[in-house]
Amino acid sequence: MSMTYVLATSNPGKIAEMRDILAKLGISVISRGELGITIDILETGDTFFENAALKARAICKVSGMPAIADDSGLVVHALRGEPGLHTATYGGESLTSEQRCIYLLSKMEKAEHRAAKFVCTIVCAFPSGEIITATGECGGKISTAPRGNNGFGYDPVFIPDKMTKTMAELSHEEKNSISHRGIALREFYLALETYELSVREGGKKE
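Source: prediction; values computed, not measured.

A. Representation of the side chain of Ser31 in the model. With respect to the secondary-structure elements, Ser31 resides in strand S2 (residues 28-31). Those residues in contact with Ser31, other than ones at most four positions away along the chain, are Val6, Leu7, Ile15 and Arg19.

B. Here's a closer look at helix H3 (residues 97-107). Where H3 is concerned, the buried positions are Arg100, Cys101, Leu104 and Leu105. Viewed along the axis of H3, the buried residues span an arc of 135°, placing them on a single side of the element. In this fold, the buried residues of H3 make contact with strand S3 (67-76) and strand S5 (131-142).

C. Summary view of unusual backbone geometry. Along the chain, Glu82 connects to Pro83 via a cis peptide bond; the corresponding omega equals -5°. Structurally, Pro83 is set in the loop between S3 and H3. With a phi angle near 55°, Arg80 is a residue other than glycine that sits in the positive phi range. Structurally, the position occupied by Arg80 is in the loop between S3 and H3. Under the relative-accessibility criterion, Arg80 is labelled exposed at 83%. Within the chain, Lys162 stands out as a residue other than glycine whose phi angle is a positive 65°.

D. Layout of the sheet that holds strand S6 (residues 158-160). Across the sheet, 6 strands lie side by side as S2-S1-S3-S4-S5-S6; this open sheet has mixed pairing. The open sheet terminates on both sides in strands that have one partner only, identified here as S2 and S6. This sheet shows a mean twist of 35° between the axes of neighbouring strands, independent of strand direction. In terms of strand pairing, S5 meets S6 through 3 bridges, oriented antiparallel.

E. Representation of the pattern of salt bridges in the model. This structure, assessed with the given rule, holds 12 salt bridges. Across the pair Lys175 and Glu17 runs a salt bridge whose closest N-O atoms are separated by 2.5 Å. Placement of Lys175 in helix H4 (residues 172-178) and of Glu17 in helix H1 (residues 12-24) is noted, with a sequence separation of 158 residues between them. With a closest N to O distance of 3.0 Å, Arg19 and Glu34 form a salt bridge. Placement of Arg19 in helix H1 and of Glu34 in the loop between S2 and helix H2 (48-63) is noted, with a sequence separation of 15 residues between them. Overall, the relative accessible area of 31% leaves Arg19 in the partly exposed class. It is possible to trace a salt-bridge network through shared partners that takes in Lys14, Glu17, Asp70, Asp155, Lys175 and Arg181.

F. Highlighting H1. Helix length check: H1, at 13 residues, gives a terminal C-alpha distance of 19 Å against a target of 18 Å (1.5 Å per residue), a fit within 8%. Where H1 is concerned, the buried positions are Lys14, Ile15, Glu17, Met18, Ile21 and Leu22. Where H1 begins, the side chain of Asn11 points an oxygen toward the backbone nitrogen of Gly13, at a separation of 2.8 Å. Just downstream of H1 lies Gly26, where phi reads positive at about 85°.

G. Looking closely at the side chain of Arg32. Checked against the element boundaries, Arg32 lands in the loop between S2 and H2. One buried charged residue, Arg32, remains without a salt bridge, the closest side chain of opposite sign being Asp40 at 5.6 Å. In contact with Arg32, other than residues within four places in its own chain, are Val6, Leu7, Ala8, Thr9, Ser10, Ile37, Thr38, Ile39, Ile41 and Ile59.

Rules behind the numbers
- Residues numbered from 1 in each chain as written.
- Predicted model: local features only at pLDDT ≥ 70, side-chain atom pairs only at ≥ 80, totals over all residues.
- Heavy atoms only, no water.
- Helix = DSSP H or I, 4+ residues; strand = E, 2+ residues; numbered from the N terminus.
- Contact = heavy atoms within 4.5 Å.
- Buried < 20%, exposed > 50% of the residue type's maximum accessible area, 1.4 Å probe, protein only.
- Arc of directions from axis to C-beta.
- Pairing = 2+ DSSP bridges.
- Axes fitted to C-alpha atoms, helices over the stretch in contact; angles between N-to-C directions.
- Salt bridge = Lys/Arg side-chain N within 4 Å of Asp/Glu carboxyl O.
- Expected span 1.5 Å × (residues − 1).
- Polar contact = N/O pair within 3.5 Å; in protein donor to acceptor, adjacent residues only side chain to side chain.
- Lys, Arg positive; Asp, Glu negative; His and termini not counted.

Honestly, that's just the spatial picture; any functional story needs more than this.
Next comes the structure, spelled out in structure tokens:
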């Protein structure tokens, strides 16, 4: 890819994951922190797409560069879709990731069916006002206790389909190959290829 993109997230775990996956796809990125961007962006959207678009557009406007944002969350069927859009603050703003996992497990204590999925929507906003987007999902179930020290967020309590390990027990390579974010970013890469091709062809016509 010919351009450098700025990552709209300030989450260290997401930055590391996205940088690793995108680097393998040949996409050059820089974090908003490296550019000194410290603005707060209110996530007032009603969908993962809307929140990702809010973040991507805001960082694109401030930086003047194409910006990649993601909004992602855990959707638990027994909890009627919770935590969903509130994944990052589930149980209270002040909780640590470990405490959020414990809180989730407490809500699932009597649940017979533990099916869940991680969802990730990627949005890239360009200075031209155009956007491209992609979504990825990873199905699985909620474990009965936290396991593993890798990853971040709810990884210690999420067991992907066809696996016995939690996300936090997988290596980074294993996780990125099946995760919602990995799937979304690979779909985004294909959309970006199509976008860049259309830009080049448009330039030739002029």
